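# A structural walkthrough
As a plain string of letters, each chain reads:
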Amino acid sequence: MDAQNIIEVRDLAMRFGGIQALANVNFSIQKDSISGLIGPNGAGKTTVFNCVTGFYRPSGGTIELRTDGAIREVGRLLKTPLRGGTHMVAQAGIARTFQNIRLFRDMTVLENLLVAQHRLLNRNVLAGIVRSKAFRSAEREAVERARKWLDIVGLTNSASRMAGELPYGHQRRLEIARAMCTGPRLICLDEPAAGLNPRETKELAVLIRQLRDQHAVTVLLIEHDMGLVMDICEEIVVLSYGKVIECGNPQKIMNSQVVIDAYLGSPAASTELEAA
Amino acid sequence: MTRTRISTFTVDLAATFALAMVVFGPMTGLQLNGFSFIANWQRPLVLAVVVTLGRLAFKLAWGSEWGQRWMARKQGKALDTPKAIGRRNQLWMVALGFVLTIAPFAFEANSYLTKAVILALIYVLLGLGLNIVVGLAGLLDLGYVAFYAVGAYFLALGYQYWGIGFWTALVLSPILAAALGGLLAFPVLRTHGDYLAIVTLGFGEIIRLILTNWVDFTGGPNGASAPGPTFFGMEFSRIAKYGGTPFHEAIGQPYNPNMKFLFLYVVLLVVVGLMVFVVDRLRKMPMGRAWEALREDEIACRSLGINHIAVKLSAFMMGAMTGGIAGVFFASYQGFVNPTSFTFFESALILAILVLGGLGSITGVIIAAFVLTLVPELLRDFADYRILVFGLLMILMMIWRPRGLISAKRPIIELSGS
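Computed from a predicted structure; not experimentally measured. (Residues numbered from 1 in each chain as written. Chains lettered and ligands numbered in written order. Predicted model: local features only at pLDDT ≥ 70, side-chain atom pairs only at ≥ 80, totals over all residues.)

### Digging into helix H1 (residues 45–52) of chain A
Residue pairs three or four apart in sequence face the same way in an α-helix, which turns once every 3.6 residues. Residues and elements named next belong to chain A. This is how it is decided: Put simply, a residue is buried when 20 or more other C-beta atoms lie within 10 Å of its own C-beta and exposed when 12 or fewer do; between those, it is partly exposed, and each C-beta is set from the backbone. In this text, helices come from DSSP runs of H or I with a minimum length of four residues, and strands from runs of E with a minimum of two, each type numbered from the N-terminal end.
Of all the 8 residues making up H1, 7 are buried; the element is thus mostly covered by neighbouring parts of the structure. Where H1 is concerned, the buried positions are Lys45, Thr47, Val48, Phe49, Asn50, Cys51 and Val52. With its phi angle positive at about 85°, Gly54 sits one or two positions after the end of H1.

### Regarding the sheet that holds strand E1 (residues 5–16) of chain A
Residue and element names in this part refer to chain A. For the record, the criterion: By this definition, two strands are paired if DSSP reports at least two bridges between them. The convention used is that axes are lines fitted to C-alpha atoms, helices contributing only their stretch in contact, and that angles between N-to-C directions extend from 0 to 180 degrees.
Ordered in space as E2-E1-E4-E5, the 4 strands form an open sheet in which the pairing is antiparallel. Edge positions in the open sheet fall to strand E2 (19–30) and strand E5 (70–73), since each of these has one partner strand only. The mean angle between the axes of side-by-side strands here comes to 20°, regardless of whether they run parallel or antiparallel. As judged from the 4 bridges shared by strand E4 (residues 60–67) and E5, these two strands associate in the antiparallel manner. The partner of Leu65 across the bridge, within E5, is Arg72.

### A short note on unusual backbone geometry
All names here are of chain A. Notably, Asn24 is not glycine yet its phi reads approximately 50°, a positive angle. On the secondary structure map, Asn24 appears in strand E2. One non-glycine residue with positive phi stands out, namely Arg131, at about 55°. Along the chain, Arg131 falls in the loop between helix H5 (125–130) and helix H6 (133–153). Under the C-beta neighbour-count criterion, Arg131 is labelled partly exposed, with 13 such atoms within 10 Å.

### Here's the deal with the interface of chain A and chain B
Frequently, the measure chosen for interface size is the accessible area removed from exposure when the parts meet. Keep this limit in mind: Placing C-beta atoms from the backbone, we regard two residues as in contact once those atoms come within 7 Å. Residue polarity follows a fixed list, in which Ala, Val, Leu, Ile, Met, Phe, Trp, Tyr, Cys and Pro are nonpolar, Asp, Glu, Lys and Arg are charged, and the others, Gly among them, are polar.
Taken together, the contact between chain A and chain B spans 32 residues of the former and 27 residues of the latter. Put simply, the parts of the chain that give the side of chain A that touches chain B at least two residues each are helix H3 (86–91), helix H4 (109–116), H5 and H6 of chain A. When residues of the side of chain A that touches chain B are assigned to their parent elements, the largest contribution, 5 residues, is made by H4(A). Looking at the side of chain A that touches chain B residue by residue, the classes come out as 12 nonpolar, 12 polar and 8 charged.

### Observations regarding the sheet that holds strand E3 (residues 34–38) of chain A
Residue and element names in this part refer to chain A. Read across the sheet, 6 strands follow the order E6-E7-E8-E3-E9-E10 without closing on themselves; strand pairing throughout is mixed. The sheet is open, and its two borders are formed by strand E6 (94–96) and strand E10 (243–248), each paired with just one other strand. Along the sheet, successive strands turn relative to each other by an average axial angle of 20°, direction set aside. Note that E3 and strand E9 (residues 235–240) share 4 bridges and pair parallel. Residue pairing across strands places Leu37 opposite Val237, the latter belonging to E9. Relative to strand E7 (residues 186–190), H1 is tilted by about 150°, and along the sheet it contacts E3, E6, E7, strand E8 (218–222) and E9.

### Side note on the packing of helix H5 (residues 111–136) of chain B against helix H15 (residues 344–357) of chain B
All names here are of chain B. Defined as follows: The cut-offs work like this: below 35 degrees is roughly parallel, past 145 is roughly antiparallel, 65 to 115 is roughly perpendicular, and the gaps in between are oblique.
Between H5 and H15, the least distance of the axes is 9 Å, while the angle of their chain directions is 75°. Judged by the angle between their axes, H5 and H15 are roughly perpendicular. Along its contact with H5, which presents Tyr123, Leu126, Gly127, Leu130, Asn131, Val134 and Gly135, the element H15 presents Ile350, Leu351, Ile353, Leu354 and Gly357. For the contact of H5 with H15, the residue count by class is 8 nonpolar, 4 polar and no charged.

### Overview of the domain arrangement of chain B
Residues and elements named next belong to chain B. Put simply, the test is: All domain edges in this entry derive from an automatic or database-based domain assignment.
Assigned domains within chain B: domain 1 (1–68) and domain 2 (91–400). Computed from C-alpha coordinates alone, the two centres of domain 1 and domain 2 are separated by 34 Å. Taken together, the contacts link 6 residues of domain 1 with 6 residues of domain 2. Mapped by element, the contributors of at least two residues to the side of domain 1 that touches domain 2 are helix H1 (2–29) and strand E1 (30–33). Residues that form the side of domain 1 that touches domain 2 fall into these classes: 4 nonpolar, 2 polar and no charged.

### Some remarks on the packing of helix H6 (residues 145–162) of chain B against helix H14 (residues 308–334) of chain B
All names here are of chain B. For the record, the criterion: Two helices crossing with the near one rotated counterclockwise from the far one by less than a right angle form a left-handed crossing, whereas a clockwise rotation gives a right-handed crossing.
Two numbers describe how H6 lies on H14: the axes approach to 6 Å, and their chain directions differ by 45°. By the angle between their directions, the pair H6 and H14 is classed as oblique. Relative to H14, the crossing made by H6 is right-handed. Of the residues in H14, those in contact with Phe147, Tyr148, Ala149, Val150, Gly151, Ala152, Phe154, Leu155 and Ala156 of H6 are Ala320, Gly323, Gly324, Ile325, Ala326, Gly327, Val328, Phe330, Ala331 and Ser332. Looking at the contact of H6 with H14 residue by residue, the classes come out as 14 nonpolar, 5 polar and no charged.

### Let's talk about the domain arrangement of chain A
All names here are of chain A. What the domain assignment reports for chain A is domain 1 (1–93 + 184–276) and domain 2 (103–183). The C-alpha-based centres of domain 1 and domain 2 are spaced at 28 Å. Residue-level contacts link 12 residues of domain 1 with 10 residues of domain 2. For the side of domain 1 that touches domain 2, the secondary structure elements donating two or more residues are H3, E7 and helix H8 (198–215). The leading source of residues in the side of domain 1 that touches domain 2 is H8, at 4 residues. Its residues placed into classes, the side of domain 1 that touches domain 2 shows 8 nonpolar, 3 polar and 1 charged.

Structure representation (structure tokens):
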């Protein structure tokens with residue numbers, strides 16, 4: 001379809017035993033956009049994320065990633081014999097953060113960022129043991145890149161602290177920095193503002209815009225903070241009960257009766273309840 | 001202010017003394033006499049006083065102006081962006097290495113001590129190897145002794161069937177053990193936590209049962225003999241079995257049965273030194289960092305494009321390699337191997353070394369290996385209660401130092417221009 005789309009999700013279905021978590025989900029995300037995925041609790045937002053980032057193998061449908069001029073299908077990446085797996089999706093340029101922060105808690109902040117650059121480093125064991133010139137320069141570059149991201153998220157002074165002992169808001173920012181250190185084309189943020197105070201949420205909005213404007217990355221986020229979503233997202237996909245019920249710009253979503261019904265319950269449903 | 005300081009000081013010293021008595025009391029204070037004990041309170045008392053005095057010296061040093069400055073500097077380092085680890089540590093290492101090298105020569109008459117230290121060093125090697133798998137990669141391996149057995153039997157059987165010598169085995173056994181480690185890793189790759197521990201436990205037992213029951217090939221419970229080390233083809237025996245001159249004739253000295261052990265000790269020391277160096281470097285390399293990241297959070301690792309299967313495989317193989325090398329030294333040191341040396345108890349002992357020393361900490365593992373192998377050797381009288389003391393030590397450790405004697409330090413990388 002559109003060559004400007006970075007992901008193309010077609011007829012995505014996900015079934016856990018008898019539960020149909022997703023059915024016929026269709027949407028696409030434009031390159032260099034900030035898009036939001038919203039919906040009431042249990043709508044299947046995180047399931048979509050897990051499918052897109054390769055943590056789940058969809059029961060049906062396709063997810064095409066169009067990064068770096070290649071078109072790759074997530075299901076096929078997962079099924080590649082021997083080498084296949086979630087990591088190949090990440091290598092295709094999709095990075096993510098998690099709803100419940102998943103940092104390497106007993107490693108330093110800097111090490112967290114270095115692990116993220118694993119694929120960009122000199123991984124030759126012998127070179128590392130003797131500290132060859134090539135190895136040292138690769139490490140130095142990695143530290144520099146990590147430093148750049150620490151500066152961006154404002155954690156430079158905590159570089160040598162354990163990631164697990166950082167304040168909550170800093171951990172959220174560190175997780176974003178870590179995801180960005182993999183050099184992604186698309187970053188998926190799973191509830192980045194959860195647990196942040198209003199000031200931190202504002203800073204987060206600035207950071208997310210900065211990611212897109214200065215670091216050429218497409219942002220897809222799940223968020224419950226409607227203020228934030230309406231503020232920064234250009235495209236919003238609304239899910240409810242595993243189906244896409246609405247797609248469009250914030251203005252359209254805010255005025256959509258279907259969306260309001262999904263969140264607040266429709267008058268028809270409430271009269272049914274009263275009748276019962 | 002000073003009053004409370006002095007009282008806490010005294011309480012601290014009293015606690016140190018009491019703890020030292022608890023630890024040393026049963027080990028050194030009870031002497032076996034036939035079927036009963038003789039209580040001998042002088043030895044633990046002396047030991048406890050020494051420990052308490054040491055504690056006092058440390059406390060005073062920390063309290064002094066110089067000590068305070070040193071502590072302040074240490075703490076200053078821990079915050080924000082500290083400097084990279086300096087040369088002072090390396091100097092200490094070199095000094096320690098030097099002392100260890102000449103130590104057994106100073107006690108040449110006491111070959112028993114040399115042998116005990118060799119055994120301790122073998123356990124250091126095993127501890128370092130298992131440290132990679134359990135401490136760094138976080139994969140609980142209860143069958144580690146299998147790789148140790150493979151190394152030992154490789155030397156013994158290789159010698160018996162193909163005439164492989166000590167040095168050939170030392171080079172080839174890590175390859176063989178790593179291959180086996182890779183083979184084991186395959187069924188293990190998709191299991192986590194408890195399941196992984198059970199699978200590895202099974203693997204350890206399978207190897208031991210094969211060694212016991214394949215009588216035609218391995219000699220079964222009777223075991224097999226293993227050759228001693230050679231120095232450029234010169235043997236350390238009284239008469240050269242394979243022609244040539246034995247070592248003592250070549251250097252024009254009278255025959256000394258201890259020579260073999262001294263030589264083995266030096267080689268082992270070099271290998272352990274190398275291993276410490278390698279493991280230390282590994283922690284600062286992408287591979288080692290990936291292991292630790294995997295221990296912390298496998299899902300996050302996958303989301304960063306790290307192939308967790310390859311990372312697990314590499315950890316298992318590196319650990320197995322070290323076990324294989326330790327096995328060769330063990331076989332050569334004993335001159336004989338049989339399956340009873342490779343029971344589950346050995347795996348548990350190595351794991352105890354790790355837990356006691358602190359998972360992931362190299363210094364801790366070295367200290368713990370020496371403590372857990374030398375103390376029982378030096379206090380043979382108390383051998384029956386060894387396991388009891390181990391258990392007690394473990395419980396005390398879990399209460400007071402749940403992260404081991406020396407908890408692992410993170411490698412610090414200096415940021416430029418900050």
